[in-house]
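# Inside the fold
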Amino acid sequence: MEEQVTKQEKRELRREEREKEGRSQKTKIFIRRLAMWSFVVFIVGGTIFGMVQLAGNPSSGQPALLLDAVSATDWLKGEKEAKTILVEYSDFQCPACANYYPVVKQLAQDFGDKLQIVYRHFPLRQIHKNADASAYAAEAAGKQGKFWEMHDMIFENQSEWANKYSVEEIFAQYAVSLGLNLEKFKSDFNSKEVKDKVENDYLSGIRSNVNATPTFFLNGKKILNPRSYDEFKTIINQAGDSVSNN
Amino acid sequence: MTNSKPLLIKLAIAFLIISFIGFLDATYLTVQHYRGLPPECSIIEGCEEVVASKYAVMFGVPVALLGGIYYLTIFILSIIYLDSKKENIIKLAALLTFAGLIASIWFIYLQLFVIKAICVYCMFSAATSITLFILGLHILKLNKNQENVTIKTNND
């Protein structure tokens, strides 16, 4: 009788132990899974957060400086003596530059003689096949005193020529409509002098760490591209205040 | 059956890594889409035209977000498989890569022939999708071989 009880007890004890073991095993697996999925959520969340940071501040880091000062070979708009200077590195075939074109034009109008605007070429020839040709056209028109007129015309009609192959013909038509001497325009367009001018602008951009267009330098310091006209105006006003205070 | 298991696990780990890389890429593009692109053109990206095109949004949802969800699904399925070793799970992930392949071919076509501009991030995503598809084919092949072996042993 006694023996039977102990046998039964033993059996129960063993069963309980087994159950306990099973339970602790289950808890272990549960904890392991919980840890694993928490880790996954952490990694995925961290990725999203990191990407928001990365994509949000594209040019965080050292403020870039303009190394080549404005010179006599630059194309100026506005007042030469103005203390606030905006230098734009731009590519005629870049859609973003075409979007900024009316903005910059409006700035020139609104600030008048308080602002000096300089246009420098930064043709992204790797991705825009007509970037160089359009820069040559503007320079060739500049030889006859109509750089800004051609500049406006090229930007305003960007979609017309951007993907064409016989782009020189289109620019020749623009030259005619601006009343330029076509013979001279064509020879200037192909001249080494014009090509060198564009190349020098490009190299000066490289020296100042320009890697995208448009890039604006306000009083020698690179600025993040403003998202609206008003933002741009505010930035220029602030820069003007700090110049007159000094 | 035991011979192909380690290989299947290796393939699942490759799935895990590549889908995560794809997820990083797609997340970056999605964030850029919602924050608004930096208004500029650059040599490295060239994404302005592609990401700003009308093809970048499908039924009001940016395709980059769809891509992110796709990669995340593959990523999570790979983890579930590596944890549970249930082969149906990795098979499901492998089947999903067909959708990724078709989407990638469509996006490459759009960039080369319709938009005529190339966005490096989008091309990179196409590369990860195609890699996932090739790995997926191996997984499915392995699975099929196993089934044949099982059927054979059952018949014997």
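Just so it is clear, the model here is predicted, and its values are computed rather than measured.

Conventions used here
- The written sequence of each chain sets the order in which its residues are numbered from 1.
- Chains and ligands are labelled sequentially in the order written, the chains with letters from A and the ligands with numbers from 1.
- With the structure being a predicted model, the display of local features is reserved for residues of pLDDT at least 70 and the display and counting of side-chain atom pairs for 80 or more, all residues being used for whole-chain, interface and lining totals.
- Starting at the N terminus, helices and strands are each numbered in turn, a helix being any DSSP run of H or I of at least four residues and a strand any DSSP run of E of at least two.
- A residue is called partly exposed when the number of other C-beta atoms within 10 Å of its own lies between 12 and 20, exposed at 12 or fewer, and buried at 20 or more, with C-beta atoms placed from the backbone.
- C-beta atoms are first placed from the backbone for all residues, and any pair lying within 7 Å is then listed as a contact.
- Two strands make a pair as long as DSSP finds a minimum of two bridges between them.
- The path from the first strand over the helix to the second decides the hand: if it runs clockwise while the strands point away from the viewer, the crossover is right-handed.
- Only the contacting stretch of a helix is used when fitting its axis, a line to C-alpha atoms as for every element, and angles between N-to-C directions run 0 to 180 degrees.
- Multiply 1.5 Å by the residue count of a helix minus one, and that product is the helix's expected span.
- As a working rule, the residues Ala, Val, Leu, Ile, Met, Phe, Trp, Tyr, Cys and Pro are called nonpolar, Asp, Glu, Lys and Arg charged, and the rest polar, with Gly in that last group.

## Notes on the overall build of chain A
Regarding its fold elements, chain A presents 9 helices and 6 strands. Considering chain A as a whole, with its 246 residues, one finds that 31% of them fall into the buried category. For chain A, restricting intrachain contacts to residue pairs at least 6 apart in sequence, the fraction spanning at least 24 positions comes to 77%.

## Overview of the pairing of strand β3 (residues 115–121) of chain A
Residues and elements named next belong to chain A. Summarising burial for β3: 6 of the 7 residues are buried, a large majority. Two strands pair when backbone bridges link them, and strand β1 (residues 75–78) and β3 are joined in this way by 4 bridges, in the antiparallel orientation. In the sheet register, tryptophan 75 faces β3, and the bridge partner there is tyrosine 119. Both strand β2 (residues 84–90) and β3 contribute to a ladder of 7 bridges, which runs parallel. Residue pairing across strands places leucine 86 opposite isoleucine 117, the latter belonging to β3. After leaving β2, the chain enters helix α2 (residues 95–111) and then returns to the sheet as β3, a path that is right-handed.

## Things to note about the sheet that holds β2 of chain A
Residues and elements named next belong to chain A. With respect to topology, 5 strands assemble into an open sheet ordered β1-β3-β2-β5-β6, the strand pairing being mixed. Strands with a single pairing partner mark the edges of an open sheet, and in this sheet they are β1 and β6 (221–223). Strand-to-strand twist across the sheet, computed as the mean angle between neighbouring axes with direction ignored, equals 30°. Packed onto the sheet, α2 meets β1, β2 and β3 and runs at close to 155° relative to β3.

## Some details on helix α3 (residues 63–84) of chain B
Every α-helix winds through 3.6 residues per turn, so residues three or four apart in the chain are directed the same way. Residues and elements named next belong to chain B. For α3, spanning 22 residues, the distance from its first C-alpha to its last is 31 Å, which sits close to the expected 32 Å at 1.5 Å a residue. Residues of α3 that are buried: Val63, Ala64, Gly67, Gly68, Tyr70, Tyr71, Ile74, Phe75, Leu77, Ser78 and Tyr81. Where α3 terminates, the next one or two residues include lysine 85, which has phi positive at roughly 60°.

## With respect to the interface of chain A and chain B
At the interface, 28 residues of chain A touch 20 residues of chain B. Contributions of two or more residues to the side of chain A that touches chain B are made by α1 (2–56), α2 and β4 (212–213) of chain A. When residues in the side of chain A that touches chain B are grouped by element, the largest group, 11 residues, is from α1 of chain A. Looking at the side of chain A that touches chain B residue by residue, the class counts come to 17 nonpolar, 8 polar and 3 charged. Here 2 bridges tie β4 of chain A to strand β1 (residues 41–42) of chain B, and the two strands are oriented antiparallel to one another.

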